[in-house]
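Geometric and topological summary
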Amino acid sequence: MFHKISSFFFMLILTITSLFGLPLKRYESRQLFIDIGFENGFSVVGQETVNGEGVKLGKFTYNETSENPDWMIAQWNSGSCLWNDRIESDKYTITDGSTKTVTYNPTDKSISMRLNAANI
């Protein structure tokens, strides 16, 4: 019975505030993720650390903006280094040619990653 009464009063308060134009509290919205379409590329982090931090080796970028990447590609104990061992590829792909490949799709702003575990 208590639940029915409390639900009734809750609905009554909502109805009154909407009928008389009493604004409900507005909240400030915040963007949780920067560069959700990966358009600024990635910083590539090596397998070594200095003082517990991964060492940034370079930037995998594929656009003409001067923005720094907001995302990182990190590697942990996974064989060859994606940055140091990279081979020539198209501007949307970074690969070592045998084990690791990361490809950006500008059409749907998505990333595909491949790891060939047989080569580790």
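Provided above is the structure to which this section pertains.
Presented here is an overview of the structure given in this document. (Residues numbered from 1 in each chain as written. Predicted model: local features only at pLDDT ≥ 70, side-chain atom pairs only at ≥ 80, totals over all residues. Heavy atoms only, no water.)

**Remarks on the overall build of the protein chain**
When its secondary structure is counted, the protein chain shows one helix and six strands. Against the globule reference of 14 Å for 120 residues, the protein chain gives a C-alpha radius of gyration of 25 Å, more extended than a compact globule. Seen along its three principal axes, the alpha-carbon backbone of the protein chain occupies a region of about 65 × 35 × 30 Å. Considering the protein chain as a whole, with its 120 residues, one finds that 25% of them fall into the buried category. (Helix = DSSP H or I, 4+ residues; strand = E, 2+ residues; numbered from the N terminus. Rg over C-alpha atoms; globule rule 2.2 N^0.38 Å. Buried < 20%, exposed > 50% of the residue type's maximum accessible area, 1.4 Å probe, protein only.)

**Some points on the pairing of strand β6 (residues 110-115)**
One ladder, built from six bridges, connects strand β5 (residues 100-105) with β6; its direction is antiparallel. Looking at β6, one finds that Lys100 is bridged to Leu115. Between the antiparallel neighbours β5 and β6 lie four residues, among them Lys109 with a positive phi of about 55°. (Pairing = 2+ DSSP bridges.)

**Thoughts on a nonpolar patch on the surface**
There is a patch of nonpolar side chains on the surface, built from Met1, Ile5, Phe8, Phe9, Leu12 and Ile16 and spanning about 620 Å² of accessible area. Position of Ile5 among the secondary structure elements: in helix α1 (residues 2-19). (Patch = residues over 30% accessible without salt bridge, like charges linked within 9 Å, V, L, I, M, F, W, Y side chains within 5 Å. Areas by Shrake-Rupley, 256 points an atom, 1.4 Å probe, with all protein chains shown as cover. Salt bridge = Lys/Arg side-chain N within 4 Å of Asp/Glu carboxyl O.)

**Description of the nonpolar core**
In globular proteins that are soluble, nonpolar side chains generally tend to be buried together. One finds Phe38, Phe42, Val44, Phe60, Tyr62, Ile73, Cys81, Leu82, Trp83, Ile94, Val102 and Tyr104 forming the largest nonpolar core, which totals 12 residues. When residues of this core are traced back to their parent elements, those giving at least two are β1 (42-50) and β5. Excluding its chain neighbours within four sequence positions, the residues that come into contact with Trp83 are Val44, Leu57, Gly58, Lys59, Phe60, Gln75 and Ile94. (Core = buried A, V, L, I, M, F, W, Y, C linked by side-chain atoms within 4.5 Å. Contact = heavy atoms within 4.5 Å.)

Geometric descriptors of this kind do not, in isolation, establish any biological role.
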